[in-house]
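Topology and contacts: notes
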Number of protein chains: 2
Amino acid sequence: MNTFTPSPLQPVVHAVNWREGSCVLLDQRKLPREETYLECRAYEQVVDAIKTLTVRGAPAIGIAGAYAVALAAEECLRIDNLSARSRAFENALNEISSARPTAVNLKWAVDRVAKRVGDNLDVRAAERILEEAHCIHREDILCNQQIAAFGASLIPADSEIITYCNTGDLATGGIGTALGVVKEAYRLRKVSRVYPCETRPVMQGMRLTTWECQRNGIPFSLICDNMAAAMMRRIKTIRAAIVGADRIAANGDVANKVGTYALAIAAKYHEIPFYVAAPSSTFDLQTETGAFIPIEDRSPEELVQALGENRPSFPMGSINPSFDVTPAELITAIICEKGIISPPSKENVSKILG
Amino acid sequence: MNTFTPSPLQPVVHAVNWREGSCVLLDQRKLPREETYLECRAYEQVVDAIKTLTVRGAPAIGIAGAYAVALAAEECLRIDNLSARSRAFENALNEISSARPTAVNLKWAVDRVAKRVGDNLDVRAAERILEEAHCIHREDILCNQQIAAFGASLIPADSEIITYCNTGDLATGGIGTALGVVKEAYRLRKVSRVYPCETRPVMQGMRLTTWECQRNGIPFSLICDNMAAAMMRRIKTIRAAIVGADRIAANGDVANKVGTYALAIAAKYHEIPFYVAAPSSTFDLQTETGAFIPIEDRSPEELVQALGENRPSFPMGSINPSFDVTPAELITAIICEKGIISPPSKENVSKILG
């Protein structure tokens, strides 16, 4: 296992936080125009925030899910009957876990904090849950810094980088996964410009990644998703594409925001390295290949929203899979806090994850 | 040269027309919500309409350009001094020709009608110009029907098809190029569904192609551009991707709406045939390869418009090339009214174009 000094970078904003008994979420639906925070005092609010993309990004929804369990535990303590309390808590766990299906970090985090309950959900158990949630949050911050250092080591000098969706402060507890690598490589003066793909239909690239680049002073040129291949052909200093992940199968297949697969194919065609950056909590070793990863279908309404007043009066038949699967063969390396998995394969994944 | 019975399909709407001394344009910026027509009595109005995408699509702007020359000729006849008249007319020709740089059909059509002037721009010359413009319009209708027949012969039974941008009634004088092929293959019951890519940033796929499919009763599922590759992997009945063209170089390289290149790479990766459908007026045999085709850069504002009220307050660095070039090696065949060029190469292009 390679070791690296973690990046000293810090997040400029907190997508998820815990403050005085509340889970505080930056409302990402309102970015880049408005920076408003939502104080969630009930776990149902967090579940709703996850479903509506108020908070999004696999590691961030993991942390939010863990805090939601802490809120659920507090609520359930008010139920005196122990078996009713336990049933209510189980229901809450299921509801939180299943708020979104693809990112495995959510289920991973909920399972991890729930294990701390022990025999009975009592005041002590609730304290342990909150402690574990804080631990997941702190670990993610460190993971991000380690990923940034490992990732930046792969970026050559004088690079420009294409990235996809949002994988920065807004998607994690810390400085981000893929965008964390970009920030660190920029700090080390290896990267001069980033090309965020806008990321249709929810525009996480246009709304969130540009906002983070702006906050971090990193030069950027926003592009439509469909322009990435043409940019790879035109701009010879684009030396890498880097993305995050929502779930990684045991063989290194990666589920990530829809469009990742197309970007990986384009990178392969241009012989540009294609990197995935994600914490080890994004690996789902029980899932053998990407074919078994559940893909969330979201409302087709997300597509036509972009037309505003000009939306059609006829019913718009459309499909909206929120994620796609990139096979390991298209991925140059997966970067996690434990090291660099290159090339991704069942053997190499288990070697690094231990 | 293969011969085929042209498709009997007719357009359901006219993007460009000539009525009582005016060039009448369907205002495509307002689609799909509103069907309004713009009556242009001065050539400058047509130039403006071409620049603002009120009328778009390579063959349609060719026809509009030809009618604009007819309007310019009428205007210039009011100038008594012959050399001043001639200078004014030359200026108008230049202005019309250069309204948009990439689609060669515009320059081709303007040159073709201008040739009919002869020695002096007089009343007779103006009549010949209008006659030639009508001729270009009528020819395009026939071209479309021939392309549809040739193209449909390439589509296997039980197909679903991916298409890009808008290449139907709204982009041509007739039933369209690539979308004309889809309509004809649907009429022949070879195609059961079309997947229009939305086509960022101007959304010609979302706004125009879905509208045409709806009008023609063709089942469709709108997708984001970034989903096409994932659909090719997921849906085994997608047996072709077909697009139009704005300019085709002598070697078969194709300039078309940005995103075409990425779609062609994805089709290659999935071993799905990738077809280009365009009239012979879209070929520019003076241009050796795609590298020499001028690519229009449009305002970056086109990208952020999709955010509506939620646009950022910081300056959004973005780039907006309106077209890209797909190398001949990624194209299975180019379909024009004279036959099928397969595989596209300098030799095969000149064989079919004669």
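Rules used throughout
Residues numbered from 1 in each chain as written. Chains lettered and ligands numbered in written order. Predicted model: local features only at pLDDT ≥ 70, side-chain atom pairs only at ≥ 80, totals over all residues. Heavy atoms only, no water. Helix = DSSP H or I, 4+ residues; strand = E, 2+ residues; numbered from the N terminus. Expected span 1.5 Å × (residues − 1). Buried < 20%, exposed > 50% of the residue type's maximum accessible area, 1.4 Å probe, protein only. Contact = heavy atoms within 4.5 Å. Salt bridge = Lys/Arg side-chain N within 4 Å of Asp/Glu carboxyl O. Least-squares fit on C-alpha atoms with pLDDT ≥ 70 in both. Axes fitted to C-alpha atoms, helices over the stretch in contact; angles between N-to-C directions. Parallel < 35°, antiparallel > 145°, perpendicular 65-115°, else oblique. Left-handed = near helix turned anticlockwise from the far one by under 90°. Pairing = 2+ DSSP bridges. Disulfide = S-S within 2.5 Å. Buried area = accessible area lost by both parts, 1.4 Å probe. Polar contact = N/O pair within 3.5 Å; in protein donor to acceptor, adjacent residues only side chain to side chain. Nonpolar A, V, L, I, M, F, W, Y, C, P; charged D, E, K, R; others polar.

1. Some thoughts on helix α7 (residues 204-216) of chain B
Between the first and last C-alpha of α7 of chain B there are 17 Å, a value that for 13 residues agrees with the 18 Å anticipated at 1.5 Å per step. The buried fraction of α7 of chain B is high, at 10 of 13 residues. The set of residues buried in α7 of chain B consists of Gln-204, Gly-205, Met-206, Arg-207, Leu-208, Thr-209, Thr-210, Trp-211, Glu-212 and Cys-213 of chain B. On its buried side, α7 of chain B packs onto α10 (301-304) of chain A together with β2 (22-26), β4 (159-163), α6 (178-187), β5 (191-196) and β8 (254-257) of chain B. Of the residues trailing α7 of chain B, Gly-217 of chain B is marked for its positive phi of about 70°.

2. Describing the pattern of salt bridges
In total, this model carries 40 salt bridges over all chains according to the counting rule given. Across the pair Arg-311 of chain B and Glu-301 of chain B runs a salt bridge whose closest N-O atoms are separated by 2.5 Å. In this pair, Arg-311 of chain B is assigned in the loop between α10 (301-304) and β11 (323-326) and Glu-301 of chain B in helix α10, connecting sequence segments 10 residues apart. With a relative accessible area of 34%, Glu-301 of chain B lands in the partly exposed category. Taken together, the salt bridges that share partners define one network made up of Arg-112, Arg-116, Glu-131, Glu-132 and Glu-139 of chain A.

3. Quick notes on the relation of the copies chain A and chain B
Mapping chain A onto chain B calls for a screw motion: a turn of 180° about the axis and a shift of 0.0 Å along it, with 0.0 Å RMSD after fitting. The operation mapping one copy onto its partner corresponds to a two-fold rotation axis. In terms of C-alpha distance to the rotation axis, chain A has Ala-306 of chain A as its closest residue, with the C-alpha 2.4 Å off the axis. A shared interface surface links the copies, since 100% of the contact residues of chain A are contact residues in chain B too.

4. Description of the packing of helix α2 (residues 58-76) of chain A against helix α4 (residues 104-114) of chain A
All names here are of chain A. Running from N to C, α2 and α4 point in directions that differ by 30°, and their axes come no closer than 7 Å. The orientation of α2 relative to α4 falls into the category roughly parallel. Our pair here, α2 against α4, has a crossing hand that is right-handed. On α4, the residues touching Ala-58, Pro-59, Ile-61, Gly-62, Gly-65, Ala-66 and Val-69 of α2 are Asn-105, Leu-106, Ala-109, Val-110 and Val-113.

5. Thoughts on the sheet that holds strand β3 (residues 37-40) of chain A
Residue and element names in this part refer to chain A. Taken in spatial order, the three strands of this open sheet run β1-β2-β3, and their pairing is antiparallel. Only two strands of the sheet have a single partner each, and these edge strands are β1 (16-19) and β3. Strand-to-strand twist in this sheet, taken as the mean axis angle between neighbours without regard to direction, amounts to 25°. Taken together, the four bridges between strand β2 (residues 22-26) and β3 define a ladder with antiparallel strand orientation. Opposite Val-24, over in β3, you have Glu-39 as the bridge partner.

6. Observations concerning the state of the cysteines
Residues and elements named next belong to chain B. Counted by the stated rule, this structure contains zero disulfides over all chains. The cysteine Cys-23 is free of any disulfide, with Cys-40 supplying the nearest cysteine sulfur at 5.4 Å. Residue Cys-23 is classed as buried on the basis of its relative accessible area of 0%.

7. A closer look at the sheet that holds strand β10 (residues 283-284) of chain B
Residue and element names in this part refer to chain B. The four strands lie next to each other as β10-β7-β8-β11, forming an open sheet whose pairing is mixed. Among the strands making up the open sheet, the edge pair consists of β10 and β11. Of the pairings in the sheet, the one linking strand β7 (residues 247-249) to β10 comprises two bridges and is parallel in character. Each bridged residue has a counterpart across the sheet, and for Ile-248 the counterpart in β10 is Phe-283. Those strands touched by helix α9 (residues 260-269) are β8 and β11, and its axis lies near 35° from that of β11.

8. Description of the interface of chain A and chain B
Every contact between the two is made by 60 residues of chain A and, on the other side, 60 residues of chain B. Counting each side, the surface lost to burial between chain A and chain B is near 4600 Å², with a carbon and sulfur contribution of 66%. The interface formed by chain A and chain B holds two salt bridges in total. Between Glu-198 of chain A and Arg-200 of chain B there is a salt bridge, with its nearest N and O atoms 2.6 Å apart. One can count 26 residue pairs in polar contact (both at pLDDT 80 or more) joining chain A with chain B. Secondary structure elements with two or more residues in the side of chain A that touches chain B: α7 (204-216), α8 (228-234), α9 (260-269) and α10 of chain A. Taken together, the residues of the side of chain A that touches chain B break down into 35 nonpolar, 12 polar and 13 charged.

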